[in-house]
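Understanding the architecture of this molecule
Now for the letters of each chain:
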Amino acid sequence: MTNTVESLFDTGLERYKAGESVDSLIPVFKEVCDRAPKTAAAWICLAWLYMLDNKSNLAYKAAQKAVKLSPQDPQARVNLAVAMLETGQKGLRQHIDAVQQLFLVNPEWRDEIKDSIEDGLSRKPDWDSLRKVKQWLFEE
């Protein structure tokens, strides 16, 4: 029996939280994106996994898609800003500003993004572009 897209996504997320390797999770989220291409959360996760796996160009494309599908999602914007830094793109300031605006709309998002960044840095301690985005978001 084939998994539903939702169960595939949920299982992938649980496996990520359990510390499973990025390599084994990328195909899971790619499948979710293929089967449900309008699911922003799947693109957000895929972009994050690509960045953890040092696949910046793929991360940038996935992050762009996520922001297009869900411009009000702060994680989508954070991912795009980080991917833009890693691929040398211009114009990432607008995404940092957008995230800061979103924090005003929903203060809980601030903690979620902080936790997400800490998770990223614990998995990839030398992630300079994520550290830079963290600084812009929380230390200005």
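Read on for an overview of the structure. (Residues numbered from 1 in each chain as written. Predicted model: local features only at pLDDT ≥ 70, side-chain atom pairs only at ≥ 80, totals over all residues. Heavy atoms only, no water.)

1. A closer look at the overall build of the protein
Along the backbone of the protein there are eight helices and zero strands. Traced from its N-terminal end to its C-terminal end, the protein shows the element sequence α-α-α-α-α-α-α-α. What you see for the protein is a C-alpha radius of gyration of 14 Å, in line with the 14 Å of a compact globule of 140 residues. Projected onto its principal axes, the C-alpha positions of the protein cover 50 × 30 × 25 Å. Out of the 140 residues belonging to the protein, those deemed buried represent 45%. Summed over all atoms, the accessible surface of the protein reaches about 7,700 Å², with 50% contributed by carbon and sulfur. (Helix = DSSP H or I, 4+ residues; strand = E, 2+ residues; numbered from the N terminus. Rg over C-alpha atoms; globule rule 2.2 N^0.38 Å. Buried < 20%, exposed > 50% of the residue type's maximum accessible area, 1.4 Å probe, protein only. Areas by Shrake-Rupley, 256 points an atom, 1.4 Å probe, with all protein chains shown as cover.)

2. Some words on the side chain of His95
Its place among the elements puts His95 in helix H6 (residues 93–105). Judged by relative accessible area, which is 6%, His95 ranks as buried. In this structure the side chain of His95 is engaged in a polar contact, spanning 2.9 Å, whose partner is the side chain of Arg77. (Polar contact = N/O pair within 3.5 Å; in protein donor to acceptor, adjacent residues only side chain to side chain.)

3. With respect to the environment of Ala66
Along the polypeptide, Ala66 turns up in helix H4 (residues 56–69). Expressed as a C-alpha distance, the spacing of Ala66 and Ala81, which sit 15 residues apart in the sequence, is 12 Å. Contacts of Ala66, omitting those with residues within four sequence positions, involve Ala40, Trp43, Ile44 and Ala76. (Contact = heavy atoms within 4.5 Å.)

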